[in-house]
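Residues per chain, in single letters:
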Amino acid sequence: MKTVIGAAALVLAVPANAQTTPASAPAPAAPVASPAPAPDYTQDAAWLCRPGRKDACTQDQDVTVVRADGKTKVERFRADRAAAFDCFYVYPTVSLDQTPNSDLNAGPEELAVIASQAARFTSKCRVYAPLYRQVTLTELRRVMTGGTPAADRGLGLRDVYEAWNDYLRRDNKGRGVVLIGHSQGSGVLKELIARYIEGQPIQRNIVGAYLIGTNLAVPQGQAVGGDLKRLKLCTQAGQYNCVVSYVTFRADAPPPANSRFGRIADKPGMVAACVNPAALGGGRAVTDAIFGAKGAGLGSAPQAAWTTSGPAPTTPFVKAPGLISAECVNANGFNYLAVTVNADPKDPRTDTIAGDVSVGGQILADWGLHLIDMPVAMGNLVELADAQAKAWRGVGLPVK
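Residues numbered from 1 in each chain as written. Predicted model: local features only at pLDDT ≥ 70, side-chain atom pairs only at ≥ 80, totals over all residues. Heavy atoms only, no water.

### A look at the packing of aromatic side chains
Given two aromatic rings, their pairing is described by the distance between the two centres and the angle made by the two planes. This structure, assessed with the given rule, holds 12 aromatic pairs. Summarising the aromatic geometry, the rings of Trp-47 and Phe-88 are spaced 6.3 Å apart at their centres and angled 80° between planes, so their arrangement reads as edge-to-face. Note that Trp-47 is positioned in strand 1 (residues 47-49) and Phe-88 in strand 4 (residues 86-90), a separation of 41 residues in sequence. Each member of the pair, Trp-47 as well as Phe-88, is classed as buried. (Phe/Tyr/Trp six-rings, centres within 6.5 Å; stacked < 30°, edge-to-face > 60°. Helix = DSSP H or I, 4+ residues; strand = E, 2+ residues; numbered from the N terminus. Buried < 20%, exposed > 50% of the residue type's maximum accessible area, 1.4 Å probe, protein only.)

Written out as structure tokens, the structure is:
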């Protein structure tokens, strides 16, 4: 599972952690520890999220809407207790455990990423999110500073495969399901799809696959045929059983030559997929972005004040209608979702968004907006899942 290391998400803190030891210094030795015992997914404790209980997916999702004139209102969040389809989510690299592979005890970092990336989908679907023995931030820091890899990089896939099978046995019952991942989670799901879903009867139940923040190889100008052989990229409204994948950079800060995201350097003729969830057919579109009120986490600078004309938001999330636009761009060998902040210096609303990976105030341009790959289009992803599920069931409603 080379892709897990090659495109791993350093979602909360690893860019900062990875740079605390100079690259020329010897990396610390890997902890001598066996992986945690294999999870038993028949036990609900092995899941961060399952429907019908209070867990990581029932965290507060209320949003403060900040209009262009600086005025605000609060939108209260409600989960759908009778959701007609499912979402199966695999989280990115967040574990701060000191071992190469994580244990199965959820810490604040796992809870934070669930709140940011998965819980909002409960407004439309039943969310299942397994714990898994992922490659940790600690291990990635060691590798990035010259250490010999010590993690079992196939362990995450084996765990998620078992979780997927348990979900199919106990819960699916013929329902449509959207696969959702970010970075390491997307890499694991990509392998799961390629090895165990494509060409199997269960493929018919895949409403969509959202493989965000990873490089998904497709032939230049084609919608399928690289990493995946059957599931095509989504290209139009009303389509389902297809894939959304992209990596994000600011439109005015495109990927530098050393970026790990947005290109397939080792596969001639292949490019990194880019599907804009706000405009499946291509082109620039205003997105329904939903950000953390305080910013993108420990790997990024804090968010500036959302408005100068009112109090700070008291909800955990913020929506600023019209502030963000995005468009898939192919330039200089990279394929990526270019994000534009539609700033207006004359109004009281913020003209900046946090999301760049930074160390000591210095932005690491090669990471782009990896920390907010999902937030820049979160509302679009949620609505797309609902629209695709309706199309899968034969209702055929267009994407909102």
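### Considering the sheet that holds strand 9 (residues 232-233)
Here seven strands make up an open sheet; going across it, the order is 1-5-4-6-7-10-9 and the pairing mixed. Because the sheet does not close on itself, it has two edges, and the strands there are strand 1 and strand 9. One ladder, built from two bridges, connects strand 9 with strand 10 (residues 242-246); its direction is parallel. Residue pairing across strands places Leu-233 opposite Val-243, the latter belonging to strand 10. Relative to strand 1, helix 3 (residues 108-117) is tilted by about 40°, and along the sheet it contacts strand 1, strand 4, strand 5 (126-130) and strand 6 (177-182). On top of the sheet, helix 6 (residues 184-197) reaches strand 4, strand 6 and strand 7 (206-212); it is set at about 140° to strand 6, its chief contact. (Pairing = 2+ DSSP bridges. Contact = heavy atoms within 4.5 Å. Axes fitted to C-alpha atoms, helices over the stretch in contact; angles between N-to-C directions.)

### Some words on the state of the cysteines
Taken as a whole and assessed by the stated rule, the structure comprises four disulfides. Shown here is the disulfide that connects Cys-49 with Cys-57, its sulfur atoms set 2.1 Å apart. Of note, the bridge from Cys-49 to Cys-57 carries an S-S torsion of about 90° and is right-handed in sense. With its sulfur 2.1 Å from that of its partner, Cys-234 forms a disulfide with Cys-242. The S-S bond linking Cys-234 to Cys-242 shows a torsion near 95°; that makes this disulfide right-handed. (Disulfide = S-S within 2.5 Å.)

### With respect to the sheet that holds strand 15 (residues 317-319)
Overall, mixed pairing links the four strands, which are arranged 3-2-15-14 in an open sheet. The open sheet is flanked by strand 3 (72-75) and strand 14 (291-292), the only strands paired with a single partner.

### A closer look at the nonpolar core
General note: in soluble globular proteins, nonpolar side chains tend to be found buried as a group. The biggest cluster of nonpolar side chains holds 76 residues, and the ones touching the most others in it are Phe-88, Ile-114, Phe-121, Trp-164, Leu-179, Tyr-210 and Val-244. Residues within four places of Tyr-210 in sequence aside, it is in contact with Phe-121, Val-178, Leu-179, Ile-180, Gly-181, Ser-186, Val-244, Leu-381, Leu-384, Ala-385 and Gln-388. By size, the runner-up hydrophobic cluster in this structure holds 25 residues, among which are Phe-249, Ala-296, Val-339 and Ile-353. (Core = buried A, V, L, I, M, F, W, Y, C linked by side-chain atoms within 4.5 Å.)

### A few points about helix 7 (residues 378-392)
Since the α-helix packs 3.6 residues into each turn, any two residues three or four apart lie on the same face. Between its first and last C-alpha, helix 7 extends 21 Å over 15 residues, near the 21 Å set by a 1.5 Å rise per residue. In terms of burial, helix 7 is largely enclosed, as 12 of its 15 residues are buried. Those residues of helix 7 not exposed but buried are Met-378, Gly-379, Asn-380, Leu-381, Val-382, Leu-384, Ala-385, Asp-386, Ala-387, Gln-388, Ala-389 and Ala-391. For helix 7, the elements touching its buried residues are helix 3, strand 6, strand 7 and strand 10. (Expected span 1.5 Å × (residues − 1).)

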